[in-house]
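Each chain, letter by letter, is given below.
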Amino acid sequence: MERIVGLASDHAGFALKQHVIKYLDAHHIKYIDYGCYNEESCDYPDYAHKLAEMLAKNDCTCGIGICGTGEGISMALNKHSNVRAALCWTPEIAHMTRLHNDANVLVMPGRYINEQTATKIMDEFFNTDFEGGRHINRIKKIPIH
Ligand code: RB5
């Protein structure tokens, strides 16, 4: 299946999202930006829920979410049973969460990492496959309804 990355951020994640867009363009990776579209104050759940719904409809195949800390947007994304959103602030965490959790949404803290770190995180997120095996049963136990 062709990879299409759904993007969601609030105002605090907007600047890093512009770097993400440059990265995706440079790597010829398709994306759909579900907002926000400027730095006016807004509410991260609105964009988190939109991304989760679009993932469920296969409008995109994975996602990137960004808010100031990455915490709020993670909380909102992970309310959806089809989402495994992983808050990553180092490339190692991005590597491990693909390997062990089959994370389908990468979340980054826009106010706490620089572009260079974000690039390394995305390299790991996009180039690491789920290990499967014992982790399959574990991720199957995550949804509660
Ligand atoms: C916005 O100021 C900030 O609260 C938000 O981006 C995020 O960090 C919340 O978790």
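Residues numbered from 1 in each chain as written. Predicted model: local features only at pLDDT ≥ 70, side-chain atom pairs only at ≥ 80, totals over all residues. Heavy atoms only, no water.

Undergrad: What is the right way to read helix H4 (residues 91-101) from this model?
TA: Because an α-helix packs 3.6 residues into every turn, residues spaced three or four apart end up facing the same way. Of all the positions in H4, only Pro91, Ala94, Thr97, Arg98 and Leu99 are classed as buried. Buried positions along H4 lie against strand S4 (85-87), helix H5 (115-127) and helix H6 (134-140). (Buried < 20%, exposed > 50% of the residue type's maximum accessible area, 1.4 Å probe, protein only. Helix = DSSP H or I, 4+ residues; strand = E, 2+ residues; numbered from the N terminus. Contact = heavy atoms within 4.5 Å.)

Undergrad: Explanation requested: the packing of H4 against H5 in the structure shown.
TA: Between two packed helices, what matters for the description is the angle formed by their axes and the separation of those axes. For the pair H4 and H5, interaxial distance at closest approach is 8 Å and the crossing angle is 15°. Here H4 is positioned roughly parallel relative to H5, judged by the angle of their axes. Considering only the axes of H4 and H5, their crossing is right-handed. Taken together, the residues of H5 that come into contact with H4 (itself represented by Pro91, Ala94, His95 and Arg98) are Lys120, Ile121, Glu124 and Phe125. For the contact of H4 with H5, the per-class residue count stands at 4 nonpolar, 1 polar and 3 charged. (Axes fitted to C-alpha atoms, helices over the stretch in contact; angles between N-to-C directions. Parallel < 35°, antiparallel > 145°, perpendicular 65-115°, else oblique. Left-handed = near helix turned anticlockwise from the far one by under 90°. Nonpolar A, V, L, I, M, F, W, Y, C, P; charged D, E, K, R; others polar.)

Undergrad: Help me out: how do you make sense of the environment of Cys60 in this one?
TA: Residue position: Cys60 is located in the loop between helix H2 (44-56) and strand S3 (62-67). Residue classification places Cys60 among the buried positions, given a relative accessible area of 1%. Taking the C-alpha atoms as reference points, Cys60 and Val5, 55 residues apart in sequence, are found 5.6 Å from one another. Among residues more than four places away in sequence, those in contact with Cys60 are Ile4, Val5, Gly6, Tyr34, Leu51, Met54 and Leu55.

Undergrad: What's the story with the pattern of salt bridges in this structure? I'm lost.
TA: Oppositely charged side chains can pair when the atoms bearing their charge come close. Counted by the stated rule, this structure contains 5 salt bridges. For Glu2, the salt bridge is made with Lys30, and the minimal N-O distance between the two is 3.3 Å. Here Glu2, found in the segment before strand S1 (4-9), pairs with Lys30, found in strand S2 (residues 30-33); they are 28 residues apart in sequence, far enough to count as distant. Look at Glu2 and you get partly exposed, because its relative accessible area is 48%. (Salt bridge = Lys/Arg side-chain N within 4 Å of Asp/Glu carboxyl O.)

Undergrad: I'm lost on the site of the ligand in this one. Help?
TA: Taken together, the neighbourhood of the ligand is formed by Asp10, His11, Ala12, Tyr44, Cys67, Gly68, Thr69, Gly72 and Arg111. Looking at the shell around the ligand, its residues break down into 3 nonpolar, 4 polar and 2 charged. (Near = heavy atom within 4 Å.)

Undergrad: Honestly, the nonpolar core in this entry has me stumped. Any pointers?
TA: As a rule of thumb, nonpolar side chains are buried together in soluble globular proteins. One finds Ile64, Met108 and Phe126 to be the most contacted residues of the largest nonpolar core, which totals 23 residues. Among the elements of the structure, S1, helix H1 (14-26), S3, strand S5 (105-109) and H5 are those that each provide at least two residues to this core. Apart from residues no more than four positions distant in its own chain, Ile64 is found in contact with Val5, Gly6, Leu7, Ala8, Val20, Leu51, Val105, Leu106, Met108, Met122 and Phe126. In this structure, Ala48, Leu51, Ala52 and Cys67 belong to the second largest nonpolar core, which totals 17 residues. (Core = buried A, V, L, I, M, F, W, Y, C linked by side-chain atoms within 4.5 Å.)

Keep in mind these numbers describe shape, not what the thing actually does.
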